[in-house]
Amino acid sequence: MTKFIIKFSRLVTSVAVNTSALLIALIALLVFFQVVTRFVFDSPSTWSEITARMMMVWMVFISMGCVFSRGSMITINFFADILPGRLNTWALRIVTALVVGFLLILTWYGWEIAIRVKGQNVAMLNISAFWMYVSIPIGAILALPSVLEWHLVNVEQSEPEAPSVTATPTAEV
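Note that this is a predicted model, so its numbers are computed, not measured. (Residues numbered from 1 in each chain as written. Predicted model: local features only at pLDDT ≥ 70, side-chain atom pairs only at ≥ 80, totals over all residues. Heavy atoms only, no water.)

> Explain the side chain of S48 here, please?
Relative to the helices and strands, S48 resides in helix 2 (residues 48-69). Side-chain polar atoms of S48 contact the side chain of Q34, separated by 2.5 Å. Beyond its immediate chain neighbours, meaning those up to four positions away, S48 contacts L30, F33 and Q34. (Helix = DSSP H or I, 4+ residues; strand = E, 2+ residues; numbered from the N terminus. Polar contact = N/O pair within 3.5 Å; in protein donor to acceptor, adjacent residues only side chain to side chain. Contact = heavy atoms within 4.5 Å.)

> Honestly, unusual backbone geometry in this entry has me stumped. Any pointers?
A negative phi angle characterises most non-glycine residues, just as the trans form characterises most peptide bonds. A positive phi angle is found at D42, which is not glycine, with a value near 55°. Inspection of the secondary structure puts D42 in the loop between helix 1 (2-40) and helix 2. Residue M124 is not a glycine yet carries a positive backbone phi of 75°. Turning to its location among the elements, M124 is positioned in the loop between helix 4 (85-116) and helix 5 (130-133). A relative accessible area of 58% means that M124 is categorised as exposed. (Buried < 20%, exposed > 50% of the residue type's maximum accessible area, 1.4 Å probe, protein only.)

> Please explain helix 2 as it appears in this structure.
Structurally, the α-helix is built with 3.6 residues per turn, so residues lying three or four positions apart point the same way. Relative to the 32 Å expected for 22 residues at 1.5 Å per residue, helix 2 spans 32 Å between its end C-alpha atoms, a close match to the ideal helical length. For helix 2, the principal kink sits at S63 and spans about 35°. Just beyond helix 2, the residue with positive phi is G71, at close to 70°. (Expected span 1.5 Å × (residues − 1). Bend = angle between axes of the 7 residues up to and from the residue.)

> Before we go on, may I ask you to explain the confidence of the model for the protein chain in this structure?
Detailed reading of the predicted model is not advised wherever pLDDT is low. Mean pLDDT over the protein chain: 84, with 86% of residues reaching 70 or higher. When pLDDT is averaged over each element of the protein chain, helix 5 comes out on top at 92 and helix 3 (residues 77-82) at the bottom at 68. In this model residues 158-164 is a low-confidence stretch, pLDDT under 50, and it forms 10 contacts with partners more than four residues away in sequence or in other chains. (pLDDT = per-residue confidence, 0-100.)

> What am I meant to see in the packing of helix 1 against helix 6 (residues 135-154) here?
How two helices sit against one another is set out by the angle between their axes and by the gap between those axes. Between helix 1 and helix 6, the shortest axis-to-axis distance is 8 Å and the interhelical angle comes to 130°. The angle between helix 1 and helix 6 falls in the class oblique. Our pair here, helix 1 against helix 6, has a crossing hand that is left-handed. Residue-level contacts link T2, I5, I6, F8, S9, R10, V12 and T13 of helix 1 to L142, P145, S146, L148, E149, L152 and V153 of helix 6. Residue composition of the contact of helix 1 with helix 6, grouped by class: nine nonpolar, four polar and two charged. (Axes fitted to C-alpha atoms, helices over the stretch in contact; angles between N-to-C directions. Parallel < 35°, antiparallel > 145°, perpendicular 65-115°, else oblique. Left-handed = near helix turned anticlockwise from the far one by under 90°. Nonpolar A, V, L, I, M, F, W, Y, C, P; charged D, E, K, R; others polar.)

> Honestly, the packing of aromatic side chains in this entry has me stumped. Any pointers?
By convention here, two paired aromatic rings are described through the distance between centres and the angle between planes. All told, the structure shown has four aromatic pairs when counted by the stated rule. Seen in terms of ring centroids, F4 and F8 are 6.0 Å apart; in terms of plane orientation they differ by 15°. Their pairing is stacked. Taken together, the residues F4 and F8, both in helix 1 and four residues apart, mark about one turn of the helix. Given a relative accessible area of 53%, F4 falls into the exposed group. Their ring planes at 35° and their centres at 5.6 Å tell us that F33 and W47 sit as a pair that is tilted. Of this pair, F33 sits in helix 1 while W47 is found in the loop between helix 1 and helix 2, placing the two residues 14 residues apart along the sequence. The exposure class assigned to F33 is partly exposed, which follows from its relative accessible area of 35%. A network of ring pairs unites the aromatic residues W111, F130 and W131 as a single cluster. Over the ring of W90 we find R93; its NZ or CZ atom is 4.6 Å from the centre of that ring. (Phe/Tyr/Trp six-rings, centres within 6.5 Å; stacked < 30°, edge-to-face > 60°. Lys NZ or Arg CZ within 6 Å of the ring centre and 35° of its normal.)

> Which parts of the structure should I look at to understand the side chain of T96?
Tracing the sequence through the fold places T96 in helix 4. Excluding anything up to four places from it in sequence, T96 contacts V147, W150 and H151.

Printed below as a string of structure tokens:
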């Protein structure tokens, strides 16, 4: 089961990284288009800015799991490092459980708010606000395998079969 979780997490992370890269490229093009229409043609585009903003929201939530799988999230290493070995492991287990719990809460309430705003439209795009807010539960669900991967590789000391994403216990923020 451990190998399956790690492989699945790395697949999800790979797709998320590539999707985020595509979204950031599209965002750059849309912002460039907005600048050209505003300052060159003196007729600003009404849809490009809000579309870029919506893509940015999706990119952030989709790539959230990538941060977890690489161990780049803000951690409590200071407290964990001063604890002896076994207490350190239990502290990290508790942190993992809290993060998983938070992601499940984010999924639940993110879905609730997405359903609540589905009757409202996003200004200038004439699409339901549901499509912006549903990024919250989708991003949280996509982050769950990454949190479990980080935990298995770095806390439970499981050896991954073939690392495609390097998971480190600490990272520069």
